Amino acid sequence: MSADVFAPWENPKETPLIRFENVTKRFGDFTAVDNLTLDIYEREFFALLGASGCGKTTLMRMLAGFESPTEGRITLAGEDIAPIPANKRPVNMMFQSYALFPHLSVADNIAFGLKRSDMPASEIDGRVDEMLGMVQLRQFAKRKPHQISGGQRQRVALARSLAKNPKVLLLDEPLAALDKKLRQETQFELMDIQEKLGTTFMIVTHDQEEAMTVASRVAVMNTGQIKQIATPDAIYERPNSSYVADFIGEVNLIDGKITSSTEKSCKIAWQGGTITAQPPSKLKKDTEVRFAVRPEKVSIATAKPKSGNAVQGKVLDIAYLGNISTYYVETATGQTIKAQIANARRLSRRSFTWEDPVWLSWSDTAGIVLTE
Amino acid sequence: MRRAVVILIPYLWLVALFLVPFGIVLKISLSDIATAIPPYTPNFDFSAGWAGFKEFLSQLDFENFIWLTEDDLYWKAYLSSLKIAIISTILTLLAGFPIAYAMAQAPKEWQPTLMMLIILPFWTSFLIRVYAWMGILSTEGFLNQFLLWIGLIDSPLQILNTDWAVYIAIIYTYIPFMILPIYATLEKLDPSYLEAAEDLGCSRTQAFWSVTVPLSKPGVIAGCFLVFIPAVGEFVIPSLLGGSKTLMIGKVLWDEFFANRDWPVASAVAIILLLILVIPIVLFQKQQERQQEADS
């Protein structure tokens, strides 16, 4: 890996800014976070991704100081933060509801934390103005939160949580309340701001697109545990389990057994034939595996392709999404495999439709063999 | 058309039950006392026609209102009523806010029960409850007996028939009207505001003063008006628990009507009392409107 790529997690000499060490959090009988260990590095934009109830918000709230771990230890810059109350931690949080104080103006909201810090009163106005400039809301400084739009409120919340220049900014579903277009714009704004300030951002989201767009690394969580931590492309291209493969994006999962395997290539027997694929390592014969292939890596044609893995079926359903179409193809053995094709040609010139017999194919390197 | 009918119903209600009686009271307040049934003149006579109506109008005057300014009993009673109402509103707020706050902090499953307990006293007659306070506050009452028993005092305190008894009973009677609106605003308060305040460096106490208190303002204002308005015109409590020196306009009004049988002066007292009360009501509504605008 070249030196100018930001990847401190690859460098064993780097010390992480935040460490969760065997952290468990229980609420009564319910285990929200289960013996979790996690390192987050300075300047990272770290995303915790998971379905609701997976423990991601609890993890964040423990870092903010609103919950304390039942077991384990959280350190920030090498210091155990358990004895530090929420209002003394160099960590700020942007709330999902924004929690802007309705009785205070935009400027007073941003100044709220500064007035309670050791910043001299003479410098507060300047800092507030600087933050307003950063989120381009100078002309709205005197407005109350209910007098500005949802997108502007989101930016006020961001400015307020960054005003005290925290070591870590926690973002709890920061864009969930925005519509899709605004959300995409804001994602880039967030990334720009994060890059400019160099503050460590930790975002909690259930929106995988959001996590993939903004984050340097993504942790996929389920039932209080981290299933995989990796860069967005690695999570998508090389998921380590069928849970992650299935959770991130769309995927075809095919169960089969290894018939032969070397380090580089293996053959998987399944109901519909044999698949050639790249195994993670040499696998034993008869190992039960799951072959995962993304729909966009599956091609669809009327004639049998000359090379690669191929399986015949008939078109069961077509989901037309404008730019792409997803074809649901039923194989002879009754399994449905999805193939996603960019609609480069007009719809009327589509060469196959419902009930047509088609061939699905993918290359030997398109999929991934999962043993978990 | 249907819209007009829908709007008309409350207006008719208001006209029939507020404006018409108000007109009658206003008319009586402009009349003169008379030993007759009804005990005032002039009386409007439909059979006399237009000339009779002019005659009727010419006999109305502001004599009774002028009288109110001449006898210092009246303005002293108004001022004293306002003083008692203001002090008891403040005391009710001081006692009611912590109760409302505690209710809003209580576990969710307890809240309906607590609310019930607040409303429960209304199930007993108000008169009986005020009488009960006589038993508690009198020199031989439970309170004095208790204080003597624990040795806090040597001789019984004179609480009954003083302003103190009036304050205690007003607070007791009207505190639910203070608690309920404050509780309603506190209960709606998004807990993430407090977390945000803490996250930004506030201690719990600072967060309470800089977030909870300002955000509960609408409830506090509503509660204060709900206590203040009836307290100004309160009659039963000062009559039963107050002393001879406790001057309240409700008591004066009662005496004018039933002791003196001077309906015109009594009506004038009532009209002025209404004006004193209308001003805070208008202020209150303005505030509500502003609140609604702010929320929209």
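How each quantity is defined
Residues numbered from 1 in each chain as written. Chains lettered and ligands numbered in written order. Predicted model: local features only at pLDDT ≥ 70, side-chain atom pairs only at ≥ 80, totals over all residues. Heavy atoms only, no water. Contact = heavy atoms within 4.5 Å. Buried area = accessible area lost by both parts, 1.4 Å probe. Salt bridge = Lys/Arg side-chain N within 4 Å of Asp/Glu carboxyl O. Polar contact = N/O pair within 3.5 Å; in protein donor to acceptor, adjacent residues only side chain to side chain. Helix = DSSP H or I, 4+ residues; strand = E, 2+ residues; numbered from the N terminus. Nonpolar A, V, L, I, M, F, W, Y, C, P; charged D, E, K, R; others polar. Pairing = 2+ DSSP bridges. Domains from an automatic or database assignment. Core = buried A, V, L, I, M, F, W, Y, C linked by side-chain atoms within 4.5 Å. Buried < 20%, exposed > 50% of the residue type's maximum accessible area, 1.4 Å probe, protein only. Axes fitted to C-alpha atoms, helices over the stretch in contact; angles between N-to-C directions. 1 Å grid on protein atoms, 1.4 Å probe; cavity = no way out; pocket = protein on both sides within 12 Å on 5 of 7 lines; lining within 4 Å. Points joined across faces, edges and corners; volume = space filled by probe spheres on them.

**Re the interface of chain B and chain A**
Piece 1. Facing 17 residues of chain B, the contacting portion of chain A comprises 20 residues.
Piece 2. Here chain B packs against chain A, burying approximately 1800 Å² in sum over the two surfaces, 59% of which is carbon and sulfur.
Piece 3. For the pair chain B and chain A, the interface holds one salt bridge.
Piece 4. Residue Glu195 of chain B is joined to Arg61 of chain A by a salt bridge in which the shortest nitrogen-to-oxygen separation is 2.6 Å.
Piece 5. Our count for the contact surface shared by chain B and chain A stands at seven residue pairs in polar contact (both at pLDDT 80 or more).
Piece 6. At the level of elements, helix 9 (191–199) and helix 10 (204–215) of chain B are the ones that each hand at least two residues to the side of chain B that touches chain A.
Piece 7. Ranked by residue count, the leading element in the side of chain B that touches chain A is helix 9 of chain B, at seven residues.
Piece 8. Partitioning the side of chain B that touches chain A into residue classes produces nine nonpolar, four polar and four charged.

**Here we look at the pairing of strand 1 (residues 18–27) of chain A**
All names here are of chain A.
Piece 1. Here seven bridges tie strand 1 to strand 2 (residues 30–40), and the two strands are oriented antiparallel to one another. Bridged to Val23 within strand 2 is Leu36.
Piece 2. Between strand 1 and strand 2, which pair antiparallel one after the other, the connecting turn spans two residues, and Gly28 there sits at a positive phi close to 60°.
Piece 3. With five bridges joining them, strand 1 and strand 4 (residues 71–76) adopt antiparallel strand pairing. Within strand 4, the residue paired with Ile18 across the bridge is Leu76.

**Here we look at the domain arrangement of chain A**
All names here are of chain A.
Piece 1. Here chain A is partitioned into domain 1 (8–245) and domain 2 (251–370).
Piece 2. In this structure, domain 1 and domain 2 have C-alpha centres spaced 39 Å apart.
Piece 3. Carbon and sulfur atoms make up 53% of the surface buried where domain 1 meets domain 2, a total of about 690 Å² over both sides.
Piece 4. Summed over the three residues of domain 1 that lose the most area to domain 2, namely Tyr236, Ser242 and Ala245, the buried surface amounts to 67% of that side.
Piece 5. At the junction of domain 1 with domain 2, the criterion picks out one salt bridge.
Piece 6. A salt bridge links Lys297 to Glu237, with the shortest nitrogen-to-oxygen separation between them at 3.4 Å.
Piece 7. The tally of links from domain 1 across to domain 2 stands at five residue pairs in polar contact (both at pLDDT 80 or more).
Piece 8. Within the residue set of the side of domain 1 that touches domain 2, elements represented by two or more residues are helix 7 (232–237) and helix 8 (242–247).
Piece 9. A per-class count over the side of domain 1 that touches domain 2 returns four nonpolar, three polar and two charged.

**Quick look at the nonpolar core**
Piece 1. One finds Leu68, Ile170, Ile182, Ile237, Leu241, Ile249 and Val269 of chain B to be the most contacted residues of the largest nonpolar core, which totals 55 residues.
Piece 2. For this core, the secondary-structure elements that each account for two or more residues are helix 3 (63–70), helix 4 (72–105), helix 6 (126–137), helix 8 (163–188), helix 11 (217–232), helix 12 (236–241), helix 13 (249–259) and helix 14 (263–295) of chain B.
Piece 3. Looking at this core element by element, the count peaks at 13 residues for helix 8 of chain B.
Piece 4. If near-sequence neighbours (up to four positions away) are discounted, Leu68 of chain B is found in contact with Tyr74, Trp75, Tyr78, Val265, Ala268, Val269 and Ile272 of chain B.
Piece 5. Within the second largest apolar cluster, 46 residues are counted, among which are Leu132, Leu169, Val218 and Val220 of chain A.

**Brief notes about the sheet that holds strand 9 (residues 217–222) of chain A**
The strands making up a sheet are joined through hydrogen bonds of the backbone, oriented either antiparallel or parallel.
Residue and element names in this part refer to chain A.
Piece 1. Sheet architecture is open: six strands sit in the order 6-7-8-3-9-10, paired in mixed fashion. The sheet is open, and its two borders are formed by strand 6 (91–94) and strand 10 (225–230), each paired with just one other strand. On average, each strand axis in the sheet is tilted by 20° relative to the strand beside it, whichever way the strands run.
Piece 2. Strand direction decides the pairing type here: strand 6 and strand 7 (residues 168–172), joined by four bridges, are parallel. Residue pairing in the sheet places Val91 in a bridge with Val168 of strand 7.
Piece 3. Against the sheet, helix 4 (residues 150–162) contacts strand 6, strand 7 and strand 8 (200–205), and its axis sits at roughly 175° relative to strand 6.

**So, unusual backbone geometry**
Piece 1. At the junction of Ile37 of chain B and Pro38 of chain B, the peptide bond is cis and its omega measures out at -10° in the coordinates.
Piece 2. Note that Pro38 of chain B resides in the loop between strand 1 (32–33) and strand 2 (40–41).
Piece 3. Residue Pro42 of chain B follows Thr41 of chain B across a cis peptide bond; omega there is -5°.
Piece 4. You can see Pro42 of chain B is positioned in the loop between strand 2 and helix 2 (49–58).
Piece 5. Backbone geometry at Asn22 of chain A places phi at a positive 50°, although glycine is not the residue there.
Piece 6. Looking at the element boundaries, Asn22 of chain A is found in strand 1.

**Regarding the pairing of strand 9 of chain A**
Residue and element names in this part refer to chain A.
Piece 1. Buried residues dominate strand 9, accounting for six of its six residues.
Piece 2. The alternating pattern of strand 9 places Arg217, Ala219 and Met221 and Val218, Val220 and Asn222 on opposite faces, both of which are buried.
Piece 3. Pairing geometry for strand 3 (residues 45–49) and strand 9, over four bridges, is parallel. Bridge pairing in strand 9 links Phe46 to Arg217.

**With respect to the layout of surface pockets**
Residues and elements named next belong to chain B.
Piece 1. Its volume calculated, the second largest pocket comes out at about 480 Å³.
Piece 2. If you go around the second largest pocket, you meet 20 residues; those closest to its centre are Tyr101, Gln105, Pro191, Leu194 and Glu195.
Piece 3. Looking at the lining of the second largest pocket, the elements that each hand over two or more residues are helix 4, helix 8, helix 9 and helix 10.
Piece 4. Class assignment of the residues belonging to the lining of the second largest pocket gives a composition of 10 nonpolar, three polar and seven charged.

**Here we look at the environment of Thr200 of chain A**
Residues and elements named next belong to chain A.
Piece 1. Of note, Thr200 is situated in strand 8.
Piece 2. In this structure, the C-alpha to C-alpha distance between Thr200 and Leu169, residues 31 residues apart in sequence, is 6.2 Å.
Piece 3. Sequence-distant contacts of Thr200, that is, excluding residues within four places in its chain, are made with Leu17, Ile40, Tyr41, Glu42, Arg43, Glu44, Lys167, Val168 and Leu169.
Piece 4. Within the structure, the side chain of Thr200 is placed 3.0 Å from the backbone nitrogen of Arg43, a separation counted as a polar contact.

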